[in-house]
Amino acid sequence: MFPELKNDLILRAARGDSTERVPVWVMRQAGRYLPEFQAVRAKHEFFEVCRTPELACEVTLQPIRRFNLDAAIIFSDILVVPQAMGLTVQMLPGTGPTFQEPLLVPSDLGRLNSKTDVNQTLGYVFEAITLTRHKLEGKCPLIGFSGAPWTLMSYMIEGGGSTTMSKAKKWLYCYPDDSHKLLQMLTDVIVQFLVGQVLAGAQLLQLFESHAGILGPGTFSRFALPYIRQISTRVKEDLVQRAVKPVPMIVFAKDAHYALAELSQSGYDVVSLDWTIDPRNARKQVGPNVTLQGNLDPCVLYTSPDRLTESVREMVEAFGTQRYIANLGHGIYPDMNPDHLKEFVDAVHKHSENANGIQ
């Protein structure tokens with residue numbers, strides 16, 4: 001039994017219920033911009049933090065202690081799924097995620113454990129979620145997440161970050177059947193992983209399709225969207241079969257401005273936008289029955305408090321105060337001043353309350 005939830009603002013916004021103010025959280029809110037996070041990382045390797053429930057819980061709670069955020073997001077990484085399937089991933093300083101042996105040719109799919117038992121290989125995430133739900137003491141909901149299949153596939157083939165993902169895209173054109181095989185393998189694991197997070201206590205889920213912008217409309221509709229849709233459908237069906245109420249689901253397909261209408265019809269309660277998308281245009285494309293999330297350019301947080309506050313006011317005005325969750329258009333940057341995030345969070349609450357006529 002978890003502590004009673006005291007702030008359900010983001011859950012109401014995700015469902016389309018009325019909200020007195022706009023809820024706000026920030027991608028990567030538990031991260032390197034916080035001195036207390038850096039203190040933990042000085043003693044522990046990145047994936048050690050992910051795999052140690054007590055440490056993952058601690059860094060998840062750090063921004064909640066500092067800021068009046070309306071949600072926590074469990075500290076983990078999208079690449080724990082490839083790890084669970086048998087690939088070795090390291091987080092190297094100055095380089096980022098690095099796969100020791102990426103997938104080079106289709107025969108390498110035989111190296112993957114597509115039948116991994118997520119309770120064994122990813123149980124540490126579930127333990128961290130359960131522990132964090134208790135430690136939050138009902139202050140705000142807890143978000144669980146996963147990377148989407150195409151984004152994970154691209155990392156697994158590239159062996160790390162890339163501006164073009166050309167090795168992975170080569171698979172789509174040269175090995176389309178094997179690409180679909182890999183994407184389905186990933187989808188099957190992701191569904192189990194997300195269901196497990198809800199069973200452990202996650203109250204919302206976000207799917208990160210971080211590399212959507214590398215694709216075009218055609219390749220996105222063939223190699224990304226079907227699996228994005230499959231995940232939302234299967235996660236909700238699995239939970240219903242277990243007599244567990246499905247939680248709201250968010251999809252964030254970065255730079256997928258060409259697919260907003262399709263994403264709004266993919267079974268997710270919330271569509272998250274990056275900063276390149278005009279909120280008014282997005283609302284026209286997705287219609288009135290989907291919640292939007294986003295989308296302040298993270299770099300705005302470098303500016304003065306007055307300019308930041310004005311940018312937030314303009315953002316809230318563009319989105320409106322209902323069916324809206326405020327966030328950045330991507331993750332907060334490591335060199336950001338934490339005080340500026342406080343300005344952002346407080347400004348969202350202030351301007352949305354004013355717009356709703358709340359004094």
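Everything that follows concerns the structure shown earlier in this document.
Residues numbered from 1 in each chain as written. Predicted model: local features only at pLDDT ≥ 70, side-chain atom pairs only at ≥ 80, totals over all residues. Heavy atoms only, no water.

J.: Just to check I follow, could you spell out the pairing of strand β8 (residues 291–296) for this structure?
T.: A regular strand places its side chains so that they alternate between the two faces of the sheet. Of all six residues in β8, six are buried; the element is thus mostly enclosed. Handedness of the crossover joining strand β7 (residues 270–272) and β8 through helix α14 (residues 279–286) is recorded here as right-handed. By the bridge criterion, five bridges tie β8 to strand β9 (residues 324–328) in an arrangement that is parallel. Bridge pairing in β9 links N295 to N327. Crossover handedness for the path β8 to helix α15 (residues 305–319) to β9: right-handed. (Buried < 20%, exposed > 50% of the residue type's maximum accessible area, 1.4 Å probe, protein only. Helix = DSSP H or I, 4+ residues; strand = E, 2+ residues; numbered from the N terminus. Right-handed = clockwise from strand over helix to strand, strands pointing away. Pairing = 2+ DSSP bridges.)

J.: I'm lost on the packing of aromatic side chains in this one. Help?
T.: Two descriptors summarise a pair of aromatic rings, namely the distance from one centre to the other and the angle between the planes of the rings. Overall, the coordinates contain nine aromatic pairs when judged by the stated rule. Taking 5.6 Å as the distance between ring centres and 80° as the angle between the ring planes, the aromatic pair formed by F145 and F208 counts as edge-to-face. Pair noted here: F145 is in strand β4 (residues 142–147) and F208 is in strand β5 (residues 204–209), with a separation of 63 residues, a long-range link. Each member of the pair, F145 together with F208, is buried. (Phe/Tyr/Trp six-rings, centres within 6.5 Å; stacked < 30°, edge-to-face > 60°.)

J.: Explain the environment of P93 here, please?
T.: Locating P93 in the fold gives a position in the loop between β2 (89–92) and β3 (96–99). Of the residues examined, P93 reaches a relative accessible area of 78% and is grouped as exposed. Residues P93 and F46, 47 residues apart in the sequence, show an inter-C-alpha distance of 9.9 Å.

J.: What is the right way to read helix α16 (residues 338–355) from this model?
T.: Owing to its 3.6 residues per turn, the α-helix brings residues three or four apart onto one side. The first and last C-alpha atoms of α16 sit 26 Å apart over 18 residues, in line with the 26 Å expected at 1.5 Å per residue. Those residues of α16 that fall on the buried side of the exposure criterion are P338, H340, L341, F344, V345, A347, V348, H349, H351 and S352. At its buried positions, α16 is contacted by α2 (35–41), α4 (53–66), β8, α15 and β9. Capping the start of α16 is the job of one residue whose side-chain oxygen sits 2.9 Å from the backbone nitrogen of D339: N337. Directly after α16, the chain includes G357, whose backbone phi takes a positive value near 75°. (Expected span 1.5 Å × (residues − 1). Contact = heavy atoms within 4.5 Å. Polar contact = N/O pair within 3.5 Å; in protein donor to acceptor, adjacent residues only side chain to side chain.)

J.: Where do I start with the packing of helix α8 (residues 149–158) against helix α10 (residues 176–200) in this structure?
T.: Helix packing geometry: the angle between the two helix axes and the distance between the axes. Contact pair α8 / α10: the axes reach a minimum separation of 9 Å and the direction vectors enclose 115°. When you trace α8 past α10, the crossing you get is right-handed. Residues P149, W150, L152, M153, M156 and I157 of α8 form the contact with α10, whose participating residues are S179, L182, L183, L186, T187 and I190. When its residues are assigned to classes, the contact of α8 with α10 shows ten nonpolar, two polar and no charged. (Axes fitted to C-alpha atoms, helices over the stretch in contact; angles between N-to-C directions. Left-handed = near helix turned anticlockwise from the far one by under 90°. Nonpolar A, V, L, I, M, F, W, Y, C, P; charged D, E, K, R; others polar.)

J.: What is the right way to look at the packing of α15 against α16 in this model?
T.: Following both chains from N to C, one finds α15 and α16 inclined at 40°, their axes separated by 9 Å at the closest point. When the axis of α15 is compared with that of α16, the two are oblique. Relative to α16, the crossing made by α15 is right-handed. Residues P305, L308, T309, V312, R313, M315 and V316 of α15 lie in contact with α16, whose contacting residues are H340, E343, F344, A347, V348, H351 and S352. (Parallel < 35°, antiparallel > 145°, perpendicular 65-115°, else oblique.)

Keep in mind these values describe shape, not function.
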